[in-house]
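Structure at a glance
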Amino acid sequence: MTDDTLCWDPYNAAQRRNPYEVWRRLRDEAPVYHNEEFGFYALSRFEDVYAASLDPARFSSTGGTAIDMIGKPLDPMAANMMIHMDPPRHDAFRKVVARAYTPRRIADLEQRIRDLCAEYLDPLVGSGGFDYVHEFTMRLPVMVISSLLGFPEEDHDQLREWSDLQVSRDEGRTGATEAARQAMIEQFQYMAAFVAEKRARPDDGFVSALLGAEVDDPDRGPRPLEDIEAMGMIGLISSAGNETVARLLGWAAVVLAANPGERAKLVADPSLLPNAVEELLRYEAPSPTQGRVTLTDVELHGVTIPAGSPVAMLTGSAGRDPRKYPDPDRFDVERRFDRHLSLGYGAHYCLGAALARMEGRVGIEETLRRFPTWEVDPEAVTLVETNTVRGPASCPITL
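Reading the values: the criteria
- Residues numbered from 1 in each chain as written.
- Predicted model: local features only at pLDDT ≥ 70, side-chain atom pairs only at ≥ 80, totals over all residues.
- Heavy atoms only, no water.
- Helix = DSSP H or I, 4+ residues; strand = E, 2+ residues; numbered from the N terminus.
- Rg over C-alpha atoms; globule rule 2.2 N^0.38 Å.
- Buried < 20%, exposed > 50% of the residue type's maximum accessible area, 1.4 Å probe, protein only.
- Contact = heavy atoms within 4.5 Å.
- Areas by Shrake-Rupley, 256 points an atom, 1.4 Å probe, with all protein chains shown as cover.
- Lys, Arg positive; Asp, Glu negative; His and termini not counted.
- Charge placed at Lys NZ, Arg CZ, Asp CG, Glu CD.
- 1 Å grid on protein atoms, 1.4 Å probe; cavity = no way out; pocket = protein on both sides within 12 Å on 5 of 7 lines; lining within 4 Å.
- Points joined across faces, edges and corners; volume = space filled by probe spheres on them.
- Nonpolar A, V, L, I, M, F, W, Y, C, P; charged D, E, K, R; others polar.
- Axes fitted to C-alpha atoms, helices over the stretch in contact; angles between N-to-C directions.
- Parallel < 35°, antiparallel > 145°, perpendicular 65-115°, else oblique.
- Left-handed = near helix turned anticlockwise from the far one by under 90°.

1. Structural notes on the overall build of the protein
Scanning the protein from terminus to terminus reveals 17 helices and 14 strands. Here the C-alpha radius of gyration of the protein, 21 Å, is about what a compact globule of 399 residues would show, namely 21 Å. By its C-alpha atoms, the protein is 60 × 60 × 40 Å across when sized along the principal axes. Residues counted as buried form 56% of the 399 residues belonging to the protein. A fraction of 71% describes how many contacts in the protein between residues 6 or more apart in sequence connect residues 24 or more apart. Of the roughly 16600 Å² of accessible surface on the protein, a fraction of 51% belongs to carbon and sulfur atoms. The average position of the 43 basic charges and that of the 63 acidic charges among the side chains of the protein differ by 3 Å.

Shown next, in the form of structure tokens:
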């Protein structure tokens, strides 16, 4: 392999750290890229990722949403996660969760988020600096999502650890690590016990509302949710709520330090924060790769993707596509755009998007309120070792 050989390797740590040059080459030279070593295809342009997101008849989620899951059996809880379903089954289960995941429940969490921000950030005021991820971004999301789901506070750290382990991958190797597999087993046992407890003693919380709902099963007709189905939904919400927001806020620390002029705009005018969150999601997507499997042969850009092929939809690359966004490598909190793909699109648009946006907005606002400036040494930032989410695992900041 020569230095200029075009290769995107999702298991290469150096490429995960800085993927944007290889993604630029994919968009320009191989918009339908085939990785022969690992046996997958990749779509990197905005319009192609957008179209595939709206086409579950050809690009299916049922094989798993990470490319190294496709072709392998899903564990029982994962098989019952909506993210691994296609319409109409997906739509039936999504409606059940949506009835419990009400705007009122989400709105009621805002004060809780602000209180947690104060609890974590106030003791750090006056310090010379701290690790923004360890002290804040890895702590806030698990507390928020666990407050929604009703998990006991003493279990929150364990839930976050299971979530982190399950998406971790060893460099150069496909598939879950042994630690990831053990975390899946332990999380499954925890969720089973939690659901059994809520069945025996229901309350007015999210999980009891979920367990009391009826799914309009397209194969079996209207029926109550089974425990394994409820566990899949709860596990998905817990893991996705932890990982995405932790990485989003971690990127906020890195990106705002690298763009002090844009940060100053937010300090001067907090009304820009909602749009800044959208720009941050586009600029550094916390979940930059979505896996699909083709159900039919797909022809695109002169390339035929055979039926049954794993396909990586590179939402992170789509967010930097100049065909969609002018000057895409510039971070601009006042950028105006109609959409991005970082929270999914179509049937699999993130059900927790409103909560993620709120946590991002409030978390950044409360940070800037206490720390209007900080510095980050990019060489000191470490990223999570995974091929599905992307973001800081550690981010020391200097005040």
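2. A look at the layout of surface pockets
By volume, the second largest pocket amounts to about 390 Å³. A per-element tally of the lining of the second largest pocket places helix H13 (residues 227-258) first, with 5 residues. Of the residues belonging to the lining of the second largest pocket, the class tally is 11 nonpolar, 2 polar and 5 charged.

3. Some details on the packing of helix H9 (residues 140-149) against H13
Running from N to C, H9 and H13 point in directions that differ by 150 degrees, and their axes come no closer than 8 Å. When the axis of H9 is compared with that of H13, the two are roughly antiparallel. The element H9 and its partner H13 pack so that their crossing is right-handed. Every residue of H13 that contacts H9 at Leu 140, Pro 141, Val 142, Ile 145 and Leu 149 is listed here: Ile 234, Ile 237, Ser 238, Gly 241, Asn 242, Val 245, Ala 246 and Leu 249.

So far we have only geometry, and geometry alone does not tell us how the molecule works.
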